[in-house]
Amino acid sequence: MKIEQVRVRNFRGLKDVNFKTDESCILVVGPNAVGKSTIFEAIRLNKAFLFPNTQSEAIIVLNSLKAITPDQQGFIPAILLNDSNQKLEISIDFSIDSSDIRLVTSNHLNKLIVTHLQNTNRFPTFKEPFSEAQFLSSENGRQMLDVGRSEIDAFIRTLEESKKLNSTLFIDQGTISGANLLAQEFLTILCESTGYSHTYFNYFPADRSLPYGDQPVQIGHVNAGQQLQSYIASPQLKYQQIKQFIINAHLSNEENRVKIEQTFKMIFDALLPGKSLAGVEINHNGNLSILIEDSVKGTRYDVDSMSSGEKNLLLTLLFMELTTVEGGIILFDEPELHLNPAVQK
């Protein structure tokens, strides 16, 4: 999946921004306070409302923008709109490939059908998980599923030809809406299909402060909800969990351990030659440490002993590589932070 065009009108400090590209990497350059980060915020807002990872994603993003009411039941238009008398529009054109379509149609087609029927008020929404099985066992339920299948099949045929999706968010007179329901539903199912350990959308904000020192580590599954929120809704969470993420991946199984080691090696060889991952072990305080070996100096030390720039560079790129699916989208605000001149060159 790739972003091909972004149009932002009347959002915060942006009156009208429109750019189109067929490149895999888009670099936004400009002086301070001209709205570069606001473009990322616009993309986050579009996703949070129209194809969220979690039910609370829109609330969390609005809260981060200081645009939610105290009771969290509404939003504050004056904070989001550049001109309160004009409509806000955030439109994103995506190109996808056949593997994205197969992922949904092969494994999640019925979920897409039911989602579409529910969103168009033709299929009941059940409070209890799996309760829909009873409804689908009825003649009426099967008929509704067949109706939804024909509509989704027609949409998929068109999608297979165009390989294009559009997600457009409107805010007008206090009302939030989208322009392309089927595209929104497809993007929602596609993003959900990766589970909690990977994502199609990964946002790395300018605030990339890392925890220092020993952190509590839970062996086994991390909090799946926090992992999902860390991709877009609350991106700072990924830095609070990154040590746990690395240690769990290293200890969980041989495949994950090899992947971790290969990723460390790729980053070190390219940007920090002479260093390597030495492993994970219990330190003198009884806590788990991620050990780095420096072959040039002949030393071995905890990852916390790396310089702040090296550590931030290493862990950010590591998280990008290990959690973003192939063909996914990474939003990276102020990538030059923590990079010394040699690395930038």
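Preceding this section is the structure that the text describes.
Below: a short report on this structure. (Residues numbered from 1 in each chain as written. Predicted model: local features only at pLDDT ≥ 70, side-chain atom pairs only at ≥ 80, totals over all residues. Heavy atoms only, no water.)

Okay, the side chain of Asp-294 next. Locating Asp-294 in the fold gives a position in strand β8 (residues 288-294). A relative accessible area of 4% places Asp-294 in the buried class. Among the polar contacts made by the side chain of Asp-294, one reaches the main-chain amide nitrogen of Lys-297 at a distance of 3.2 Å. For Asp-294, the contacting residues outside a window of four places in its chain are Gly-274, Lys-275, Thr-299 and Tyr-301. (Helix = DSSP H or I, 4+ residues; strand = E, 2+ residues; numbered from the N terminus. Buried < 20%, exposed > 50% of the residue type's maximum accessible area, 1.4 Å probe, protein only. Polar contact = N/O pair within 3.5 Å; in protein donor to acceptor, adjacent residues only side chain to side chain. Contact = heavy atoms within 4.5 Å.)

Okay, the packing of helix α12 (residues 254-271) against helix α13 (residues 308-323) next. Between α12 and α13, the least distance of the axes is 10 Å, while the angle of their chain directions is 130°. Between α12 and α13, the angle falls in the class oblique. The handedness of the crossing between α12 and α13 comes out as right-handed. The segment α12 lies against α13, with Lys-259, Ile-260, Thr-263, Phe-264, Met-266, Ile-267, Phe-268 and Leu-271 engaging Leu-313, Leu-314, Leu-317, Leu-318, Glu-321 and Leu-322. Here the residues of the contact of α12 with α13 are counted per class, giving 11 nonpolar, 1 polar and 2 charged. (Axes fitted to C-alpha atoms, helices over the stretch in contact; angles between N-to-C directions. Parallel < 35°, antiparallel > 145°, perpendicular 65-115°, else oblique. Left-handed = near helix turned anticlockwise from the far one by under 90°. Nonpolar A, V, L, I, M, F, W, Y, C, P; charged D, E, K, R; others polar.)

With that settled, the discussion passes to helix α11 (residues 242-252). Where burial is concerned, most of α11 is hidden: 9 out of the 11 residues are buried. Turning to α11, its buried residues are Ile-242, Lys-243, Gln-244, Phe-245, Ile-246, Ile-247, Asn-248, Ala-249 and His-250.

The 5 strands lie next to each other as β2-β1-β3-β4-β5, forming an open sheet whose pairing is antiparallel. The open sheet terminates on both sides in strands that have one partner only, identified here as β2 (14-20) and β5 (175-178). This sheet shows a mean twist of 10° between the axes of neighbouring strands, independent of strand direction. Along the sheet, helix α8 (residues 181-192) contacts β3 (88-95), β4 (164-172) and β5; its crossing angle with β4, the most-contacted strand, is approximately 110°. (Pairing = 2+ DSSP bridges.)

Now for the environment of Ala-33. Relative to the helices and strands, Ala-33 resides in the loop between β2 and α1 (36-50). With a relative accessible area of 85%, Ala-33 lands in the exposed category. Spatially, the C-alpha atom of Ala-33 lies 8.9 Å from that of Gly-13, the residues being 20 residues apart in sequence.

Here we come to the nonpolar core. Of all hydrophobic cores here, the largest spans 61 residues; its most connected members are Leu-80, Phe-94, Phe-186 and Phe-201. Take this core: its biggest share by element is 7 residues, from α1. Discounting residues that sit within four places of it in the chain, Leu-80 has contacts with Asn-10, Phe-11, Arg-12, Leu-45, Leu-62, Leu-65, Ala-67, Phe-75, Leu-88 and Ile-171. With 26 residues, the next largest nonpolar core counts Ala-249, Ile-267, Leu-272 and Met-320 among its residues. (Core = buried A, V, L, I, M, F, W, Y, C linked by side-chain atoms within 4.5 Å.)

Moving on, we get to α13. The end-to-end C-alpha distance of α13 is 22 Å, a good match for the 22 Å that 16 residues give at a rise of 1.5 Å each. Most of α13 is tucked away: 12 of the 16 residues are buried. The complete set of buried residues in α13 reads Gly-309, Lys-311, Asn-312, Leu-313, Leu-314, Leu-315, Thr-316, Leu-318, Phe-319, Met-320, Leu-322 and Thr-323. (Expected span 1.5 Å × (residues − 1).)

Right, let's talk about the packing of aromatic side chains for a bit. The relative placement of two aromatic rings is captured by the distance of their centres and the angle of their planes. Summed over the entire model, instances satisfying the criterion amount to 11 aromatic pairs. With 6.5 Å between their ring centres and 80° between their planes, Phe-204 and Phe-319 make a pair best called edge-to-face. Of this pair, Phe-204 sits in strand β6 (residues 199-204) while Phe-319 sits in helix α13; the two residues are 115 residues apart in sequence, bridging distant segments of the chain. On the basis of relative accessible area, Phe-204 is assigned to the buried category, the value being 0%. With a centroid separation of 5.8 Å and 35° between ring planes, the pair formed by Phe-264 and Phe-268 is classed as tilted. Note that Phe-264 and Phe-268 are positioned in helix α12 at a spacing of 4 residues, about one turn of the helix. (Phe/Tyr/Trp six-rings, centres within 6.5 Å; stacked < 30°, edge-to-face > 60°.)

Here we take up the layout of surface pockets. One water molecule sets the probe size; rolling that probe over the atoms shows where empty space is left. By volume, the largest pocket amounts to about 990 Å³. Lining the largest pocket are 34 residues, with Ile-26, Phe-40, Ile-330, Leu-331 and Phe-332 positioned closest to its centre. Listed by contribution, the elements that provide at least two residues to the lining of the largest pocket are β1 (2-11), α1 and β10 (324-332). Within the lining of the largest pocket, the residues separate by chemical class into 20 nonpolar, 8 polar and 6 charged. Size it by volume and the second largest pocket reaches roughly 730 Å³. Contributions of two or more residues to the lining of the second largest pocket are made by α1, α5 (109-119), α6 (132-136) and α8. The biggest single contributor to the lining of the second largest pocket is α5, with 7 residues. Residues of the lining of the second largest pocket, tallied by class, amount to 10 nonpolar, 12 polar and 4 charged. (1 Å grid on protein atoms, 1.4 Å probe; cavity = no way out; pocket = protein on both sides within 12 Å on 5 of 7 lines; lining within 4 Å. Points joined across faces, edges and corners; volume = space filled by probe spheres on them.)

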